[in-house]
Amino acid sequence: MARAEPPPPSDKAPVLNADAPPYLTVEGRKDYVRFLQQATPRAFALSQDGSWGWAAALETPEATAARAVEICTGWGGQGCRIYARDLEVVWPGRESGPAPVRDAVLASGPGWSLAADNRFLWQGPSSARGAYLWAHGRAAGGQDSRGGQPQPHVRIFNNAGYDVLRFDRAPATDETDAAAAWMRAALSELRAKGYARIVVGGQSRGAWNALQALDKPGLADAVMAVAPAAHGATGSAAWAWALDDLRQVVKAARSPQARVAVANFVGDEFDPDPDGRAQIFRSLAAPRQVGALLFLDRPQGLEGHGAGADARFTQRYGACLLDFAEGRVSRC
């Protein structure tokens, strides 16, 4: 089991300081750290008697706040009120004001954009610990995945000081090799902006593209590939050549300084051969291909193509993925 993520330095943003909320017990402060890993909208409520409750990712900010107060009250809290909402502290007398965020397209081309995400704290290249570029999957049926919120483990990186950006692609032109070329351009743009460390992560096709970018040394310092896939779900004719394509992606990897984490899950309907793919992923550890490999192969209790979005994945692996990306000993 990975260690719990420690409270980040309180001088980065008041909302990140788990020691600041009044009245909370030790357990309450631990739960506040879990709250900081949640998607927005999110709200944390507490009362003067030490009760608390939080909610996240409901239909509206108002519904989220109401649910947090309801949970706090359900635990016996009297006069529960919201302490933190999204990225700022709103407790009377301790208001933090607007959190540092940025909402802008930093680079773009036909079919893609490199976008800062205003649901995450922002510091800029000169102050941030690094940049985390998140790539969404390619949705079935041509659905538009642009603007989707990155998976929860990305919050661990953001809370530790990384700026979070999205690699968004228009569904009509989002072909695998074209997107890989766009991703290389986006990563080059981040490198040119001067970020100290660049992490690229993604789910499904976004993860596949992140692995493809390993063919050019120096683009990324770390890759977080969650359920990589590019050949459709069960029944797809493309499964016939899926493993051969994966072998070529892995064989092309030439980033001896990059640290690469890959997560595969039981019951993934986009995985044509779990054992065969596992063998190919392990071959990334061959000399001169990547700097280090962390392979989370079908971890217990996590199932399906979307298991990386499960809160248990973040609780179990989020902190150790950060450790691994930065070269520390990781006990995943």
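Right above here is the structure, for reference.
Residue numbers run consecutively from 1 along every chain, following the written order of its sequence. The predicted nature of this model means local features are confined to residues of pLDDT at least 70 and side-chain atom pairs, given and counted, to a pLDDT of 80 or more, with totals for whole chains, interfaces and linings taken over all residues. Excluded from the side-chain calculation are hydrogens and water; included are all heavy atoms of the structure.

### What to know about the pattern of salt bridges
For this document, the term salt bridge refers to a Lys or Arg side-chain nitrogen within 4 Å of an Asp or Glu carboxyl oxygen. Throughout the structure, instances matching the rule amount to 23 salt bridges. Between Arg184 and Asp215 there is a salt bridge whose closest N-O contact spans 2.9 Å. Here Arg184 is found in helix 4 (residues 176–193), whereas its partner Asp215 is found in the loop between helix 5 (205–212) and strand 10 (222–226), with 31 residues between them in sequence. Among the ionic pairs, Asp297 bridges to Arg282, the shortest N-O distance being 3.1 Å. Runs of H or I in DSSP of at least four residues are treated as helices and runs of E of at least two as strands, each being numbered from the N terminus.

### Regarding the sheet that holds strand 3 (residues 81–85)
Taken in spatial order, the 4 strands of this open sheet run 2-1-3-4, and their pairing is antiparallel. Strand pairing shows two members of the sheet lacking a second neighbour, strand 2 (52–56) and strand 4 (88–89), which therefore form its edges. Summarising the sheet, strand 1 (residues 42–46) and strand 2 pair through 5 bridges and their orientation is antiparallel. Along strand 2, the bridge assignment pairs Leu46 with Trp52. Throughout, a residue-residue contact means that at least one pair of heavy atoms, one from each residue, lies within 4.5 Å. Convention adopted: a line fitted to C-alpha atoms gives each axis, helices being fitted over their contacting stretch, and angles between N-to-C directions are expressed from 0 to 180 degrees. Packing of helix 1 (residues 26–35) onto the sheet brings it into contact with strand 1, strand 2 and strand 3, and relative to strand 2 it is tilted by some 10°. Running over the sheet, helix 2 (residues 61–74) touches strand 1, strand 2 and strand 3 and is turned about 150° from strand 2. Strands are treated as partners if at least two bridges between them are detected by DSSP.

### Side note on the side chain of Asp31
Mapped onto the elements of the fold, Asp31 is located in helix 1. Throughout this description, a polar contact denotes any pair of N or O atoms lying within 3.5 Å of each other; where both atoms belong to protein, one of them has to be capable of donating a hydrogen while the other can accept it, and for residues adjacent in sequence the pair is counted only when both atoms sit in side chains. A distance of 2.7 Å separates a polar atom in the side chain of Asp31 from a polar atom in the side chain of Trp52. Each residue touching Asp31, except ones within four places of it in the same chain, is listed here: Trp52 and Trp54.

### So, the packing of helix 6 (residues 242–252) against helix 7 (residues 274–282)
Between helix 6 and helix 7, the least distance of the axes is 9 Å, while the angle of their chain directions is 10°. The orientation of helix 6 with respect to helix 7, classified from their angle, is roughly parallel. Contacts between helix 6 and helix 7 involve Leu243, Leu246, Arg247 and Val250 from the first element and Gly276, Arg277, Ile280 and Phe281 from the second. Counted by class, the contact of helix 6 with helix 7 contains 5 nonpolar, 1 polar and 2 charged residues. We call two directions roughly parallel when the angle between them is under 35 degrees, roughly antiparallel when it is over 145, roughly perpendicular when it lies between 65 and 115, and oblique otherwise. Charged means Asp, Glu, Lys or Arg here, nonpolar means Ala, Val, Leu, Ile, Met, Phe, Trp, Tyr, Cys or Pro, and polar covers whatever is left, Gly included.

### With respect to helix 6
Turning to helix 6, its buried residues number three or more, namely Ala242, Leu243, Leu246, Val249 and Val250. All buried residues of helix 6 lie within an arc of 115° about the axis, which places them on one face of the element. Turned more than 90 degrees from where helix 6 packs its buried face, Gln248 and Lys251 sit exposed. Its buried side turned inward, helix 6 meets helix 5 and helix 7. Categorising residues by exposure relies on relative accessible area from a 1.4 Å probe, with only protein chains included: less than 20% of the type maximum marks a residue as buried, more than 50% marks it as exposed, and the intermediate range marks it as partly exposed. Note that the arc is computed from the directions linking the helix axis to the C-beta atoms.

### Some thoughts on the packing of aromatic side chains
Classification of ring pairs rests on two measures: the distance between centres of Phe, Tyr or Trp rings, Trp counted by its six-membered ring, which must be within 6.5 Å, and the angle between planes, read as stacked under 30 degrees, edge-to-face over 60 and tilted in between. Under the criterion given, the structure shown has 13 aromatic pairs. A ring pair is formed by Tyr32 and Phe44, whose centres lie 4.9 Å apart and whose planes are at 80°; its orientation type is edge-to-face. Within this pair, whereas Tyr32 is found in helix 1, its partner Phe44 is found in strand 1, the two being separated by 12 residues in sequence. Of the two residues, Tyr32 and Phe44, neither departs from the other in class, the shared state being buried. Note on Tyr32 and Tyr83: the rings are 5.9 Å apart at their centroids and 70° apart in plane angle, and the pair reads as edge-to-face. With Tyr32 in helix 1 and Tyr83 in strand 3, this residue pair connects regions lying 51 residues apart in the sequence.

### Describing the state of the cysteines
The definition used for a disulfide is geometric: two cysteine sulfur atoms within 2.5 Å. Scanning the entire structure with this criterion turns up 1 disulfide. Here Cys72 pairs with Cys80 through a disulfide, and the sulfurs are 2.2 Å apart. The sign of the -75° torsion about the S-S bond sets the Cys72-Cys80 disulfide as left-handed. Each member of the pair, Cys72 together with Cys80, is buried.

### Observations concerning helix 4
Helix span, as expected, comes to 1.5 Å for every residue beyond the first. Here helix 4 spans 26 Å end to end across 18 residues, near enough to the 26 Å set by a 1.5 Å rise per residue. Along helix 4, the positions that sit buried rather than exposed are Ala179, Ala180, Trp182, Met183, Ala186, Leu187 and Leu190. Buried residues of helix 4, viewed axially, fall in a sector of 165°; they line one side. Turned more than 90 degrees away from the buried face of helix 4 sit Asp177 and Ala192, all of them exposed. Residues of helix 4 that are buried sit in contact with strand 6 (112–116), strand 7 (130–135), strand 8 (162–169), strand 9 (198–203) and helix 5. Positive phi shows up at Gly194, right after helix 4, with a value of about 95°.

Everything listed here is a matter of coordinates, which is why it stays silent on function.
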